[in-house]
Amino acid sequence: MTSATAPSSPSASPPPSLEVAGLAFAYPDGHQALFGVDFAVARGERVALLGPNGAGKTTLVLHLNGILTGGAGTVTVAGLPVGRKHMAEIRRKVGIVFQDPDDQLFMPSVREDVAFGPASAGLKGPELEARVRTALERVGMEAFADRPPHHLSYGQRRRVAVATVLAMEPEILVLDEPSSNLDPASRRELADILRSLDVTVLMVTHDLPYALELCPRALILSEGVIAADGRTGELLADDELMRAHRLELPFGFDPRSVTMGA
Ligand SMILES: Nc1ncnc2c1ncn2[C@@H]1O[C@H](COP(=O)(O)OP(=O)(O)OP(=O)(O)O)[C@@H](O)[C@H]1O
Ligand SMILES: [Mg+2]
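Here goes a summary of the coordinates provided. Nothing here was measured: the structure is a model prediction, and the numbers come from that model. Every residue gets a number counted from 1 within its own chain, in the order that chain's sequence is written. All chains are assigned letters beginning at A, and all ligands numbers beginning at 1, according to the order in which they are written. Under the rules for a predicted model, residues below a pLDDT of 70 receive no local features and side-chain atom pairs below 80 are neither given nor counted, while totals for whole chains, interfaces and linings still include all residues. Water and hydrogen atoms were dropped before computing side-chain values, which therefore reflect all heavy atoms in the structure.

On to the site of ligand 1, then. A molecule or strand has a residue near it when one of that residue's heavy atoms lies within 4 Å. In the vicinity of ligand 1 lie 13 residues, with Asn53, Gly54, Lys57, Thr59 and His206 positioned nearest. Pairing of N or O atoms within 3.5 Å defines a polar contact, subject to two protein rules: one partner must be a possible hydrogen donor and the other a possible acceptor, and residues neighboring in sequence count only if both atoms are side-chain atoms. Here an oxygen atom of ligand 1 and a backbone polar atom of glycine 56 are 2.9 Å apart. Within the backbone of threonine 58, an N or O atom sits 2.9 Å from an oxygen atom of ligand 1. Each accessible area is a Shrake-Rupley estimate made with a 1.4 Å probe; only the visible protein chains count as cover when residues are assessed. In the complex, the protein chains occlude 63% of the 630 Å² of accessible area that ligand 1 would expose alone.

A separate point is the pattern of salt bridges. What makes a salt bridge here is a side-chain nitrogen of Lys or Arg within 4 Å of a carboxyl oxygen of Asp or Glu, nothing more. Within this structure, the stated rule accounts for 13 salt bridges. The residue aspartate 192 makes a salt bridge to arginine 195 at a minimum N-O spacing of 3.1 Å. Of this pair, aspartate 192 and arginine 195 are both found in helix α6 (residues 184-196), three residues apart, which corresponds to roughly one turn of the helix. Ionic pairing is found between arginine 195 and glutamate 213, a salt bridge with its closest N-O pair at 3.6 Å. Taken together, the residues arginine 195 in helix α6 and glutamate 213 in helix α7 (residues 208-214) connect sequence positions 18 residues apart. Residue burial is assigned from relative accessible area. The probe radius is 1.4 Å, only protein chains are included, and a residue is buried under 20% of its type maximum, exposed over 50%, and partly exposed in between. Since its relative accessible area comes to 27%, arginine 195 is described here as partly exposed. Members of the salt-bridge network, linked through shared partners, are Arg188, Asp192, Arg195 and Glu213. Secondary structure elements follow DSSP: runs of H or I of four or more residues count as helices, runs of E of two or more count as strands, with numbering from the N terminus.

This part is about the sheet that holds strand β4 (residues 72-77). Note on pairing: two strands pair once DSSP finds at least 2 bridges between them. Judged by pairing direction, the sheet is antiparallel, and its four strands sit side by side in the order β2-β1-β4-β5 without closing on themselves. Every interior strand has two partners, whereas the edge strands, β2 (32-41) and β5 (80-81), have only one. Here strand β1 (residues 18-26) pairs with β4 via five bridges, running antiparallel. Following the sheet pairing, valine 20 is matched in β4 by valine 75. We call two residues in contact when some of their heavy atoms are within 4.5 Å. Interaxial angles span 0 to 180 degrees and are taken between N-to-C directions of axes, which are lines fitted to C-alpha atoms, for helices over the stretch in contact. In this fold helix α1 (residues 57-64) packs onto β1, β2 and β4, with an angle of close to 120° to the strand it touches most, β1.

Rendered as structure tokens:
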């Protein structure tokens with residue numbers, strides 16, 4: 001780079017939000033769940049992670065912010081290796097929305113839950129308040145700020161869980177089964193929210209129409225390896241590939257008939 005091009009030059013492309021290379025992992029009981037996983041997610045991409053029960057999806061997600069470590073291979077988030085050295089920064093950069101919102105909400109009010117992460121990272125005063133307000137607005141829950149999370153409906157708690165993660169302004173938002181247990185209206189509203197966010201998304205889901213609607217690209221994880229990586233519509237339309245990895249579309253759903261709103 002010459003001195004004429006500033007380091008922040010818009011033409012300098014940022015490192016991928018996520019890079020997973022040769023990731024292999026066996027649980028302490030000896031059960032091997034990942035056998036060498038390789039993929040990268042560019043900044044701003046929305047990618048679905050599909051695969052049958054037991055494929056290793058959650059195991060993979062737990063490696064993205066260092067909850068699980070110790071296997072072979074590497075995970076890199078925006079150029080930063082996941083490991084003990086950078087753990088605090090990695091936890092800020094990788095926002096994981098767990099399948100059960102009750103694993104994520106534990107404070108007496110919605111506001112405190114959303115403030116918890118940024119406050120731990122050192123934000124306070126009006127800056128913290130603004131961060132909380134913005135995160136709640138992005139999920140349409142600003143009117144619920146003073147309510148106890150456990151008085152909210154499941155779908156509302158899911159939205160607050162998303163807000164707790166957005167409040168950290170993550171590099172990548174990782175969602176484990178975001179549409180599970182949502183009624184059709186809540187499911188659509190969450191899709192609208194996710195589409196409106198200007199953030200990299202990796203979404204684990206068994207809801208294949210949801211993956212198609214939200215993610216231009218999909219990965220199929222099967223028996224601990226990436227079995228396919230391509231356009232979501234093309235993967236879902238490949239009957240043989242789908243059957244080989246125990247993926248089934250809902251009755252009557254034709255992926256070719258869906259025009260994707262990327
Ligand atoms: N704590 C653990 N100890 C030993 N084996 C485990 C543990 N957790 C998961 N496994 C095994 O690792 C494999 C991958 O599990 P994982 O939970 O990652 O699958 P998954 O793709 O998330 O499945 P699902 O779609 O059911 O959520 C499975 O065979 C599972 O039995
Ligand atoms: Mg899982």
